[in-house]
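Tertiary structure, described
Listed below, chain by chain, are the residues.
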Amino acid sequence: MNQLLIERLKIAGFIFALVGWLLLVTVPLELIGKDLSKLEGLFETTTFKWSLRIVVLVAVIFLIKGRSWVDGLFVKYSWLKKLVRVITVVGAIGWIVGLGSLLLR
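Residues numbered from 1 in each chain as written. Predicted model: local features only at pLDDT ≥ 70, side-chain atom pairs only at ≥ 80, totals over all residues. Heavy atoms only, no water.

1. Examining the packing of aromatic side chains
In plain terms, the rule: For Phe, Tyr and Trp, rings pair up if their centres lie within 6.5 Å, where Trp contributes its six-membered ring, and each pair is then called stacked (planes under 30 degrees apart), edge-to-face (over 60) or tilted (otherwise). Strands here are runs of E lasting at least two residues and helices are runs of H or I lasting at least four, both read from the DSSP assignment and numbered beginning at the N terminus.
A full pass over the atoms with the stated rule returns 4 aromatic pairs. Between Phe 16 and Trp 95, the ring centres sit 6.0 Å apart and the planes meet at 70°, which makes this aromatic pair edge-to-face. On the criterion of sequence distance, the pair formed by Phe 16 in helix α1 (residues 2-31) and Trp 95 in helix α5 (residues 78-104) is long-range, its members being 79 residues apart.

2. Here's the deal with the packing of α1 against helix α3 (residues 46-65)
Here is the rule we go by: Orientation is described by axes fitted as lines to C-alpha atoms, over the contacting stretch for helices, and by angles from 0 to 180 degrees between their N-to-C directions. Crossings are classed by handedness, with left-handed meaning an anticlockwise turn of the near helix from the far one by less than a right angle and right-handed meaning a clockwise turn. Residue contacts are defined here by distance: any two heavy atoms, one from each residue, within 4.5 Å place the two residues in contact. Polarity classes work like this: nonpolar for Ala, Val, Leu, Ile, Met, Phe, Trp, Tyr, Cys and Pro, charged for Asp, Glu, Lys and Arg, and polar for all others, with Gly in that last group.
At a minimum axis separation of 10 Å, α1 and α3 run at an interaxial angle of 145°. For the pair α1 and α3, the sense of crossing is right-handed. Between α1 and α3, the residues in contact are Arg 8, Ile 11 and Ile 15 and Val 56, Val 60, Leu 63 and Ile 64, respectively. Partitioned by chemical class, the residues of the contact of α1 with α3 number 6 nonpolar, no polar and 1 charged.

3. Observations concerning α5
This is how the line gets drawn: One fewer than the residue count of a helix, multiplied by 1.5 Å, yields its expected span. Each residue gets one of three labels from its accessible area relative to the maximum for its type: buried under 20%, exposed over 50%, partly exposed in between, using a 1.4 Å probe on protein chains only.
Between its first and last C-alpha atoms α5 spans 39 Å; for 27 residues at 1.5 Å apiece the expected length is 39 Å, and the two agree. Every buried residue of α5 is listed here: Ile 87, Gly 91, Gly 94, Gly 98 and Ser 101. For α5, the elements touching its buried residues are α1.

4. A closer look at a nonpolar patch on the surface
Here is the rule we go by: Surface patches are drawn from residues lacking salt bridges whose relative accessible area is over 30%; two like charges belong together within 9 Å, two nonpolar side chains (Val, Leu, Ile, Met, Phe, Trp, Tyr) within 5 Å. Using the Shrake-Rupley algorithm and a 1.4 Å probe, accessible areas are obtained, with residue cover drawn only from the displayed protein chains. Throughout this description, the term salt bridge denotes a Lys or Arg side-chain nitrogen within 4 Å of a carboxyl oxygen of Asp or Glu.
Where nonpolar side chains cluster on the molecular surface, the patch consists of Phe 16, Val 19, Trp 95, Leu 99 and Leu 102 and spans about 480 Å² of accessible area. Every element with two or more residues in the nonpolar patch is listed here: α1 and α5. With 3 residues, the top contributor of residues to the nonpolar patch is α5. Relative to the helices and strands, Val 19 resides in helix α1.

5. Concerning the pattern of salt bridges
Overall, the coordinates contain 1 salt bridge when judged by the stated rule. Residues Glu 7 and Lys 10 are paired through a salt bridge, measuring 3.9 Å at the closest nitrogen-oxygen approach. Placement of both Glu 7 and Lys 10 in helix α1 is noted, with a separation of 3 residues, approximately one turn of the helix. Here Glu 7 falls in the buried class, since its relative accessible area comes to 15%.

6. Here's the deal with the confidence of the model for the chain
The criterion, for reference: How sure the predictor is of each residue is captured by pLDDT, a score from 0 to 100.
When pLDDT is averaged along the chain, the result is 86, and 100% of the positions lie at 70 or above. The secondary-structure element of the chain with the lowest mean pLDDT is helix α2 (residues 37-43), recorded at 83, while α5 shows the highest, at 90.

See the structure below:
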């Protein structure tokens, strides 16, 4: 039970890291005065929202059900595990930048 909870938390953390990448790109652009209204319009469309929900749901199901296969990939390709760590660390930096911009306003 504990291992399953840890795996689900890792998946949720990876999804949050991907959002952090988006924050890392958009927050500095907004701070220097770029117009991001078209990007906001894209994020507010129903098609984008549903496609994002479906992609996240499929990824979560795949990562939970295919956990042994994913672990085998990490063992076979050590660079893949390093890539996931880089994505996670840079995503965390993105969250720090995003939250920092909220505090500076």
